[in-house]
Structures are given as C-alpha cells and as structure tokens.
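# Structural description and commentary
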Amino acid sequence: MAGRMRGALASTVAGSPVWAPRTRARLLRALGVRVHGSARVYPWIRFVGGVDHLEIGRGAFVNVNATIGANARIVIGDRVHLGPGVSLLPTSHEVGAREQRAGASTSAPITIGAGAWLGAGVTVLGGVTIGEGCVIAAGALVSADTQPDGVYGGVPARLIRRLGASAPEPAPTRAEPTPSTVE
C-alpha cells in the first residue's frame with residue numbers, strides 16, 4: 001500500500017506543472033525514485049502503481065506525459081531522452097481462456113541504455129532492453145531488445161538503419177547547395 005501511495009503522490013504532486021523540472025526530480029527522489037545527477041523530469045508524469053522500481057540516470061530528460069508502470073525494475077540510463085507521451089509498461093497479461101483472454105499478470109524489467117533517444121509516443125513493453133545510443137522513432141512499439149546504435153521504428157519496432165559511434169552528418173539545409181544542384 002505504501003508503494004501505491006508514493007506512486008499516487010508522484011503522479012499528482014510531483015507530476016504537477018507548478019514545479020521546475022529539477023525540483024520535480026528532487027520530489028520524485030524524496031518519494032523513492034532513484035534519480036541520479038541532473039536529470040530533468042517534465043510535468044504530467046503518471047505512475048501506474050508505485051515508484052519503487054524506477055531509476056533515472058544522470059542527465060536524463062523525461063518529457064511531458066510520460067507513463068511509467070510498476071511491478072518490475074525500469075532503468076532509464078544516463079543521458080537518455082524520452083519524448084512526450086512515452087510509455088514504459090513492464091506489466092502485461094498471459095493470454096487466458098476464451099472467457100477472459102487477459103489472464104494472469106506478468107511483469108519483466110525494462111532497461112534503456114545510455115544515450116538513447118525515444119521519440120514522441122513510443123511504447124516500451126516489459127522484458128525489453130534498448131541498446132545504448134539507439135534512436136526509437138516516434139510512435140514505435142518496442143516489444144523486443146534492440147542492438148546499440150540503431151534506429152528502430154514501426155509497430156512492432158524493427159531496425160531501420162545502423163548509426164556510427166559519432167553523430168551523423170547533418171542534412172543540408174535549403175540555403176546550402178547540394179552536389180546535384182551545383183553547376
């Protein structure tokens with residue numbers, strides 16, 4: 001019961017827009033979330049159940065309207081950025097009999113590796129590890145592990161392309177000529 005109470009306080013009090021992001025992170029820390037370093041957590045974060053299993057790494061950024069499930073460990077690594085509306089849902093159900101297909105609850109941990117970026121509306125299911133340096137495209141459903149340094153997208157998320165260890169070259173802007181337009 002105490003875990004659920006802390007989850008309710010985290011959703012209502014700490015999730016309120018009246019706090020600055022770093023103040024919100026301090027409030028979450030006081031309620032039992034393991035928040036490291038200079039993590040920034042934006043408003044309207046919602047906790048489904050307690051907060052006891054959540055860890056947020058140094059320099060992480062949790063944007064508005066995040067939904068965080070309970071019942072299994074969730075690790076948001078260092079420098080991870082979560083877009084608006086990201087859902088981290090470690091709990092699901094076994095498929096039951098025809099009379100009730102939502103069978104017994106099952107939970108499994110979620111780990112998001114350092115430096116990853118999850119776009120708006122991404123959903124991550126239990127048992128998933130997102131590799132370091134991954135980019136998950138907006139709206140993706142991540143139901144299986146991802147390898148480090150990849151771009152994943154879709155429902156379910158699939159590898160779109162590999163990324164190098166350093167930042168990719170920026171795309172040319174309209175003001176810059178591209179090789180095909182240079183005479």
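Right above here is the structure, for reference.
Below: a short report on this structure. Computed from a predicted structure; not experimentally measured.

## Details of the pattern of salt bridges
Pairing between side chains of opposite charge can happen when the charged atoms of each approach one another. Taken as a whole and assessed by the stated rule, the structure comprises two salt bridges. A salt bridge links Arg6 to Asp52; the shortest N-O distance between them is 2.4 Å. Here the residue Arg6 occupies a position in helix 1 (residues 2-14), and Asp52 occupies one in the loop between strand 3 (46-48) and strand 4 (54-56), the gap between them amounting to 46 residues. The partly exposed category is assigned to Arg6, whose relative accessible area is 28%. Using a relative accessible area of 33% as the deciding quantity, one classes Asp52 as partly exposed. Across the pair Glu55 and Arg73 runs a salt bridge, and its minimum N-O distance is 2.6 Å. Taken together, the positions of Glu55 in strand 4 and Arg73 in the loop between strand 6 (67-69) and strand 7 (74-76) put the pair 18 residues apart, joining distant regions of the chain.

## A few points about unusual backbone geometry
Residue Pro156 is reached from Val155 by a cis peptide bond, and omega for that bond is -5 degrees. Within the secondary structure, Pro156 is located in the loop between strand 18 (150-153) and strand 19 (158-162). One non-glycine residue with positive phi stands out, namely Asn65, at about 65 degrees. By the secondary structure assignment, Asn65 is in the loop between strand 5 (61-62) and strand 6. Unusually for a residue other than glycine, Asn71 sits at a positive phi of about 80 degrees. By secondary structure assignment, the location of Asn71 is in the loop between strand 6 and strand 7. Asn71 sits in the exposed class, given a relative accessible area of 54%.

## Looking at the sheet that holds strand 6
Pairing is parallel in the open sheet, where five strands are placed in the order 3-6-9-14-17. The strands lining the two open edges of the sheet, one partner per strand, are strand 3 and strand 17 (141-142). Of the strand pairs in this sheet, strand 6 and strand 9 (residues 87-89) are connected by two bridges, and their pairing is parallel. In the strand pairing of strand 9, Ile68 is matched with Leu88.

## Some points on a nonpolar patch on the surface
There is a patch of nonpolar side chains on the surface, built from Met5, Leu9, Val13, Val18 and Trp19 and spanning about 450 Å² of accessible area. Positionally, Leu9 belongs in helix 1.

## Some details on the pairing of strand 19
Examined bridge by bridge, strand 18 and strand 19 share four bridges and lie antiparallel to one another. Of the residues in strand 19, the one forming a bridge with Val151 is Arg161. The antiparallel hairpin formed by strand 18 and strand 19 contains four residues in its connecting segment, where Gly154 sits at a positive phi of about 105 degrees.

## Description of the side chain of Glu55
For Glu55, a relative accessible area of 17% corresponds to the buried category. If we skip the residues at most four places from it in the chain, Glu55 touches Arg34, His36, Arg73, Ile74, Val75 and Ile76.

## A look at the pairing of strand 10 (residues 91-95)
As paired strands, strand 10 and strand 11 (residues 102-107) are joined by four bridges and run antiparallel to one another. The residue bridging His93 from the neighbouring strand is Ser105, located in strand 11.

## Here we look at the nonpolar core
Among the nonpolar cores identified, the biggest contains 38 residues, and Ile76, Leu88, Ile112, Leu118 and Ile130 are the most heavily contacted of them. Looking at this core, the elements with two or more residues in it are helix 1, helix 2 (21-30), strand 4, strand 7 and strand 12 (110-112). Apart from residues lying up to four places away in sequence, Ile76 is in contact with Leu54, Glu55, Ile56, Gly57, Ala60, Val62, Leu82, Leu88 and Ile112.

## Quick notes on the environment of Pro43
By the element assignment, Pro43 lies in the loop between strand 2 (40-41) and strand 3. Along the chain, Pro43 and Leu141 lie 98 residues apart, while their C-alpha atoms are 23 Å from each other. When residues no more than four places from it in sequence are discounted, the contact partners of Pro43 are Gly15, Ser16, Pro17, Arg24, Val64 and Asn65.

Definitions and limits used
Residues numbered from 1 in each chain as written. Predicted model: local features only at pLDDT ≥ 70, side-chain atom pairs only at ≥ 80, totals over all residues. Heavy atoms only, no water. Salt bridge = Lys/Arg side-chain N within 4 Å of Asp/Glu carboxyl O. Helix = DSSP H or I, 4+ residues; strand = E, 2+ residues; numbered from the N terminus. Buried < 20%, exposed > 50% of the residue type's maximum accessible area, 1.4 Å probe, protein only. Pairing = 2+ DSSP bridges. Patch = residues over 30% accessible without salt bridge, like charges linked within 9 Å, V, L, I, M, F, W, Y side chains within 5 Å. Areas by Shrake-Rupley, 256 points an atom, 1.4 Å probe, with all protein chains shown as cover. Contact = heavy atoms within 4.5 Å. Core = buried A, V, L, I, M, F, W, Y, C linked by side-chain atoms within 4.5 Å.

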